[in-house]
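# Coordinates in review
Residues per chain are reported as follows:
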Amino acid sequence: MWLAREVRWHIIARAGDSETGKVLRWEFDTEDEARQMVRRLVHADGGQWREMNGDAATQPPR
């Protein structure tokens with residue numbers, strides 16, 4: 001018998017609009033690794049990414 005708990009961090013990023021855009025996905029074992037990737041994505045694209053909180057988009061992180 002096994003009792004297991006697995007925690008994975010997921011990043012889902014969409015480049016372009018909702019109909020023709022490309023969806024990019026990553027999985028990480030730790031929150032720190034996932035947050036590092038988010039920072040790399042935000043900085044690599046010149047600030048074009050926006051943080052999504054539920055249904056509302058907020059301003060790009062600074």
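As shown above, the structure is provided for reference.
The sections below set out a description of the structure shown in this document. Predicted, not measured: the structure shown is a model, and the values here were computed from it. (Residues numbered from 1 in each chain as written. Predicted model: local features only at pLDDT ≥ 70, side-chain atom pairs only at ≥ 80, totals over all residues. Heavy atoms only, no water.)

What follows is about the pairing of strand E2 (residues 22–28). Note on strand geometry: in a regular strand, side chains alternate between the two faces of the sheet. Two strands pair when backbone bridges link them, and strand E1 (residues 9–15) and E2 are joined in this way by seven bridges, in the antiparallel orientation. Bridging across to E2, Ile12 finds its partner in Arg25. Linking E1 to E2, which pair antiparallel, is a turn of six residues; within it Gly16 sits at a positive phi near 100 degrees. (Pairing = 2+ DSSP bridges. Helix = DSSP H or I, 4+ residues; strand = E, 2+ residues; numbered from the N terminus.)

Along the chain, Asp32 turns up in helix H1 (residues 31–44). With 23 residues separating them in the primary sequence, Asp32 and Trp9 have C-alpha atoms 9.4 Å apart. Polar side-chain contacts of Asp32 include one of 2.8 Å to the side chain of Gln36. (Polar contact = N/O pair within 3.5 Å; in protein donor to acceptor, adjacent residues only side chain to side chain.)

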